[in-house]
Amino acid sequence: METTSRAVAQAPAAEGGQHVPSARRTIDGYLQAPFPWYGLDEAFTGPRWLMQVGTAADGAVEHGSIGHGDEPSVKNEVGNTGEPREKFAVVVTVAANPSRRSADGTGLLEATSVSSAAWLAGVGLLSFTWPGQMDHTLRDDWLEQQTETAWALADDLEGPEWSTLSLPVDGVPTPFHYRESEFGWVLAGSTQEGVHVGAYGRGMSAYGLGFAMIKDIGAYE
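The shown structure was predicted, so the numbers you read here are calculated from the model rather than taken from an experiment.

What counts, and where the lines are drawn
- Residues numbered from 1 in each chain as written.
- Predicted model: local features only at pLDDT ≥ 70, side-chain atom pairs only at ≥ 80, totals over all residues.
- Heavy atoms only, no water.
- Helix = DSSP H or I, 4+ residues; strand = E, 2+ residues; numbered from the N terminus.
- Buried < 20%, exposed > 50% of the residue type's maximum accessible area, 1.4 Å probe, protein only.
- Contact = heavy atoms within 4.5 Å.
- Areas by Shrake-Rupley, 256 points an atom, 1.4 Å probe, with all protein chains shown as cover.
- Expected span 1.5 Å × (residues − 1).
- Polar contact = N/O pair within 3.5 Å; in protein donor to acceptor, adjacent residues only side chain to side chain.
- Core = buried A, V, L, I, M, F, W, Y, C linked by side-chain atoms within 4.5 Å.
- Salt bridge = Lys/Arg side-chain N within 4 Å of Asp/Glu carboxyl O.
- Pairing = 2+ DSSP bridges.
- Phe/Tyr/Trp six-rings, centres within 6.5 Å; stacked < 30°, edge-to-face > 60°.

Colleague: I tried to follow the overall build of the protein chain on my own but got confused; where do I start?
Modeller: The secondary structure content of the protein chain amounts to five helices and eleven strands. Buried positions account for 49% of the 221 residues belonging to the protein chain. By sequence separation, contacts in the protein chain at least 24 residues apart represent 61% of the contacts at least 6 residues apart. Put simply, the protein chain shows about 11000 Å² of open surface, and 49% of that area lies on carbon and sulfur atoms.

Right under this line is the structure:
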């Protein structure tokens, strides 16, 4: 997952709102992908919004995220009831690519897998997480440590931190690797359409979710 990790290294800043591209550039990235995008199925009737795509070393689009619900901020705030004020779920689509040579023939791009989707989802959740008691100057160290933890967890999907959850994908019950933390939940699995799907969220239960291929990503423009 070396190529994927490089592509995600800047995800917290980008997805956290520091370097958001224009709407035109955003939709263009999604339209350039040679694979289908996934989001929550039609049972979800709330807001949906584009986030950002990630590319491989050769510039090819390899993954991207679609947000659902409230657009999250970095801080994990809670309301008077103790529940998170923001309720969101983000679906990450990752092209299922084998190990292959880059387009310019100068290197080898690493294969993507369900672990890639789990890693992207884990880092995505971290990008909107900030323990309230933490000093601003310590966040970089905390984020680096938590990112390494997310990597290790994604590399051990059969480990004790993960459980199995069956959720519908295009109407077909599909097994997912699932874990919870104090900051939210993360899950990852594969589809029959040649892509891996990861997801993360907070304030919305993962147990009632379903995923479906997006028929017209251009409608998000």
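Colleague: Help me understand helix 4 (residues 114-126) in this model?
Modeller: Given 3.6 residues per turn, any residue in an α-helix points the same way as the ones three and four places further on. The first and last C-alpha atoms of helix 4 sit 19 Å apart over 13 residues, in line with the 18 Å expected at 1.5 Å per residue. Counted residue by residue, helix 4 has 13 buried out of 13 residues, so it is predominantly covered. For helix 4, the capping residue at the N-terminal end is serine 113, with a side-chain oxygen 3.2 Å from the backbone nitrogen of serine 115.

Colleague: Please clarify how the nonpolar core should be interpreted in this entry.
Modeller: In a soluble, globular protein the nonpolar side chains are often hidden away together inside. Among the nonpolar cores identified, the biggest contains 57 residues, and Trp37, Leu40, Trp185, Leu187, Tyr200, Phe211 and Ile217 are the most heavily contacted of them. Among the elements that make up this core, the one with the highest residue count is helix 4 (nine residues). Contacts of leucine 40, omitting those with residues within four sequence positions, involve Arg48, His68, Ala89, Val91, Met204, Leu209, Gly210, Phe211 and Ala212.

Colleague: Is there a simple way to explain the environment of glycine 54 in this structure?
Modeller: Examined against the element boundaries, glycine 54 turns out to sit in strand 2 (residues 48-55). Apart from residues no more than four positions distant in its own chain, glycine 54 is found in contact with Ala60, Val61, Glu62 and His63.

Colleague: How should I be thinking about the pattern of salt bridges in this particular structure?
Modeller: A pair can form between side chains of opposite charge whenever their charged atoms are brought close. One pass over the full model with this rule turns up one salt bridge. A salt bridge links glutamate 86 to arginine 202; the nearest nitrogen and oxygen atoms lie 3.2 Å apart. Placement of the pair is glutamate 86 in the loop between strand 3 (61-69) and strand 4 (88-95) and arginine 202 in strand 10 (residues 195-202), with a sequence separation of 116 residues. You can call arginine 202 buried: its relative accessible area is 3%.

Colleague: Would you explain the pairing of strand 7 (residues 163-169) in this entry?
Modeller: Two faces make up the sheet, and in a regular strand the side chains alternate between them. As judged from the seven bridges shared by strand 7 and strand 8 (residues 172-181), these two strands associate in the antiparallel manner. If you follow leucine 167 over to strand 8, its bridge partner there is threonine 174.

Colleague: Would you mind going over the packing of aromatic side chains with me for this structure?
Modeller: This model, assessed by the stated rule, comprises seven aromatic pairs. Measuring from ring centre to ring centre gives 6.4 Å for phenylalanine 88 and tyrosine 200, while their planes differ by 80°; the resulting arrangement is edge-to-face. Here phenylalanine 88, found in strand 4, pairs with tyrosine 200, found in strand 10; they are 112 residues apart in sequence, far enough to count as distant. By relative accessible area, tyrosine 200 is classed as buried at 1%. Among the aromatic residues, those joined into a cluster by ring pairs are Tyr30, Phe35 and Trp37.

Colleague: Please clarify how the pairing of strand 3 should be interpreted in this entry.
Modeller: Burial within strand 3 is extensive, with nine of its nine residues counted as buried. The sheet contact formed by strand 2 and strand 3 spans six bridges and is antiparallel. Counterpart to leucine 50 in the pairing with strand 3 is isoleucine 66. Hairpin connection between strand 2 and strand 3: a loop of five residues separates the two successive antiparallel strands, and glycine 59 in this loop has a positive phi of roughly 90°.

Purely geometric numbers; function is a separate question.
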